[in-house]
Amino acid sequence: MIEKISDRVAGLLAAALTIFQIYTALYMPLPGMAQRAVHLGLGLAIVYLYYPKKRPEKLVMKNLSYIFGIFCALLALTACLNVALNWGVMAKPMRLAIPWKSDKIFGVLLAILVLLGTKKVTGWAMPLIAMVFLCYAYFGSYMPGMFKHAGVKFGNLISMTYMCTEGIFSSILGVSTDQVFIFLLFGQLLETLGGSEFFLEWANSGFGKLRGGPAKVSIFGSALFGSISGSAVANVVGTGTITIPLMKKVGYDSAYAGAVESVASTGGLIMPPVMGAAAFIMADIVGITYWQVCLAALIPAILYYLALFVTVDLRARALNLRGIPKDQLPDGKKLLKEYGYIYLPPLLVLIFVLGVLQYPAYRACIYCCILLLALACTKKKLRGVLKKEWYHILVKTAKSSMTVIMACACAGLILMSLQTSGLILKLSNILIAMADGRLWLLMILVMIGSLIMGMGLPASACYIILAILAAPSLVALGVPTIGAHLFVLYFGAMSAITPPVAMAAFAAAPIAEEGAGKIGMTAFKMALPAFLIAFCFGFQPELLMIGSWYSIVFVFVNCVLGVAGMSIGIQGYINHKVNIPERILWVVGGILLILPQIALTIAGYVLVVILYISAKKRVVTI
């Protein structure tokens, strides 16, 4: 009984949160602090009612678990409602300087609820980091050496945590409130109305007939779906159930099929125009528009998928694989005629409104949601889907936002602790000292930290922490700000295909019927060119659309050839099977082409041309 009540209330609160977000996106009637308070209050309540997903088996303990969740949900709603209703009074200087007793109680409760709620959604890593920095801020006077500071008084800590826009209700939570949620709604609408199936079928009609066609379908479909979903694991599960069996059917082995889907799905996190939730958070932290983030990420994303495309094509040539028979493929023209006018215009309008009209991201997206609904209503079948699923769309959208809401709220605690203690200014110096002032070594250290952090956190949470802790040190050594932030985002995302954890590989394993370790290692090798491209963010800003158009084109062409050369070396095939020494030379040539110094680039061209001429002269059939 109590389980049904809890689930029903959670569903109603989730629907209420989505309706609230739609209303504020259209009219924006509340001050920022009040809007964030309602957003977080409903989000926390939903988290405590839905989680943990696995309840105790004994009835008494199970009921106690639900009762505890309901109690915490009520506390969260009360604490946040207090801010929403009394924000104007609480913001007065005297009250900020000397918080009331009720402020201290609610502040401590909300901080604990945020930490515990974040643990329920993302695991222990992020809340533990927040607790360490909170303790550091308060006990700073007891710290040794350069880590010592005056310590932040309890009253000041509470006022900044609970009563200001520097703590839990920071601008980072504002990104979740103002922008991310509406994009999640757009993604949910697109998925429920069959958008993901349309894009996969459309990709299949175009690429399926090519050699190794299903692998190329996976690349195209996963890039689109992953950009909207923002989760490599969800992307693997969503598209891999279709593409992995098809890849195996045409001749790819299980490990390779799972690896292709894992790499393709992971790339969706860095693929414009959506890039999951991280792009919105990045725009706020860096202080640029969302569109500028998308432009900076475009060339690296193209190179990422180009490397994967070349790799699967070479593999198909080596194994003499065919595509899917034409009579088994969907009719692309028929698909476009029947459904293209529903799913394509919202995406095109989104790009136009963001890039040309320069509208705020949330406003552009809410218009696209309205357009998608209007177009869907022209189809009787989709009208039926909307009529049947409208409530579930509201609920699923809110549930999918829980990771972002909790990560943003917890990040506010981390950022506030670092700012009040002054550690945020010292961290860059510490990291630079560890790297002995060498940018390449600092980037390796940050890469390792990003990969490790990404193994235990969702992409958006991982990016937030690294953007606060690591990105400033890269900027201090001359990396463009957007380059530093894309670097940490890139490797936080790459952790999904980096052993030993490689969560995307674990998601692909049961579908491919292969061990996750084998899939992870294969995926890691496929993505090696992308790892090198990310390091060039610090040395070749042209990759981020920074510089003259001719220098951008020059660097892009070099990197395209470099990525292709590395892919040939890694795959071990061009028009014949390549021996080990030649493979090494291909990889070296590709690396030289990607590296920034002109002398190295010329050497790379010379080496690659020699290797290519040599390969053309040999016609060996495997």
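Preceding block: the structure.
Trainee: Quick rundown of the overall build of the chain? Include the residues and the values.
Mentor: Regarding its fold elements, the chain presents 29 helices and 0 strands. The C-alpha radius of gyration computed for the chain amounts to 25 Å, which stays within 12% of the reference 25 Å derived for 622 residues, consistent with globular compactness. Relative to its 622 residues, the chain shows a buried fraction of 55%. Considering only intrachain contacts with a sequence separation of at least 6, the fraction spanning at least 24 residues in the chain is 76%. Put simply, the chain shows about 25,700 Å² of open surface, and 69% of that area lies on carbon and sulfur atoms. A distance of 2 Å separates the average location of the 46 positive side-chain charges in the chain from that of its 22 negative side-chain charges.

Trainee: Break down the side chain of Arg 36 for me, with residues and values.
Mentor: Residue position: Arg 36 is located in helix α2 (residues 32-50). Here Arg 36 sits buried without a salt bridge, and the closest side chain of opposite charge, Asp 178, lies 5.1 Å off (N-O distance). Here the side chain of Arg 36 touches Ser 170 through a polar contact of 3.2 Å, landing on its backbone oxygen. With near-sequence residues (within four places) excluded, Arg 36 lies in contact with Thr 165, Phe 169, Ser 170, Ser 171, Leu 173, Gly 174 and Thr 177.

Trainee: Any details on the nonpolar core? Residues and values, ideally.
Mentor: Residues Leu 40, Leu 110, Phe 169, Tyr 343, Leu 486 and Phe 487 are the most contacted members of the largest nonpolar core, which totals 209 residues. In this view, Phe 487 contacts Met 443, Val 446, Met 447, Leu 474, Ala 534, Phe 535 and Phe 537; residues no more than four positions away in its chain are not counted. One finds Val 310, Ile 568, Val 608 and Ala 615 within the second-largest nonpolar core, a separate group that totals 11 residues.

Trainee: Just give me the short version of the pattern of salt bridges, but keep the residues and values in it.
Mentor: Counting across every chain of the model gives 6 salt bridges. The salt bridge involving Arg 95 is made with Asp 103; its shortest N-O contact spans 2.8 Å. The residues Arg 95 and Asp 103 share a single accessibility class, namely buried. Within this structure, Arg 211, Lys 216 and Asp 313 form a network of salt bridges that share partners.

Trainee: Go over the packing of α2 against helix α5 (residues 101-122) with me, naming the residues and quoting the values.
Mentor: Contact geometry for α2 and α5: axes closest at 10 Å, N-to-C directions at 55°. By the criterion of interaxial angle, the relationship of α2 to α5 is oblique. Where α2 crosses over α5, the two elements pack in a sense that is left-handed. Between α2 and α5, the contacting residues are Leu 40, Leu 44, Val 47 and Tyr 48 on the first element and Leu 110, Ile 112, Leu 113, Val 114, Leu 116, Gly 117, Lys 120 and Val 121 on the second. Class assignment for the residues of the contact of α2 with α5 results in 10 nonpolar, 1 polar and 1 charged.

Trainee: An account of a nonpolar patch on the surface is requested, with residue identities and associated values reported.
Mentor: A surface patch of nonpolar side chains, about 900 Å² in accessible area, is lined by Tyr 23, Leu 26, Tyr 27, Phe 352, Val 356, Leu 357, Tyr 359, Tyr 367 and Ile 370. Of all elements in the fold, only α1 (2-27) and α16 (361-376) reach the threshold of two or more residues within the nonpolar patch. A per-element tally of the nonpolar patch places α1 first, with 3 residues. Within the fold, Tyr 367 resides in helix α16.

What counts, and where the lines are drawn
- Residues numbered from 1 in each chain as written.
- Predicted model: local features only at pLDDT ≥ 70, side-chain atom pairs only at ≥ 80, totals over all residues.
- Heavy atoms only, no water.
- Helix = DSSP H or I, 4+ residues; strand = E, 2+ residues; numbered from the N terminus.
- Rg over C-alpha atoms; globule rule 2.2 N^0.38 Å.
- Buried < 20%, exposed > 50% of the residue type's maximum accessible area, 1.4 Å probe, protein only.
- Contact = heavy atoms within 4.5 Å.
- Areas by Shrake-Rupley, 256 points an atom, 1.4 Å probe, with all protein chains shown as cover.
- Lys, Arg positive; Asp, Glu negative; His and termini not counted.
- Charge placed at Lys NZ, Arg CZ, Asp CG, Glu CD.
- Salt bridge = Lys/Arg side-chain N within 4 Å of Asp/Glu carboxyl O.
- Polar contact = N/O pair within 3.5 Å; in protein donor to acceptor, adjacent residues only side chain to side chain.
- Core = buried A, V, L, I, M, F, W, Y, C linked by side-chain atoms within 4.5 Å.
- Axes fitted to C-alpha atoms, helices over the stretch in contact; angles between N-to-C directions.
- Parallel < 35°, antiparallel > 145°, perpendicular 65-115°, else oblique.
- Left-handed = near helix turned anticlockwise from the far one by under 90°.
- Nonpolar A, V, L, I, M, F, W, Y, C, P; charged D, E, K, R; others polar.
- Patch = residues over 30% accessible without salt bridge, like charges linked within 9 Å, V, L, I, M, F, W, Y side chains within 5 Å.

Functional significance is not addressed by these values, which are geometric in nature.
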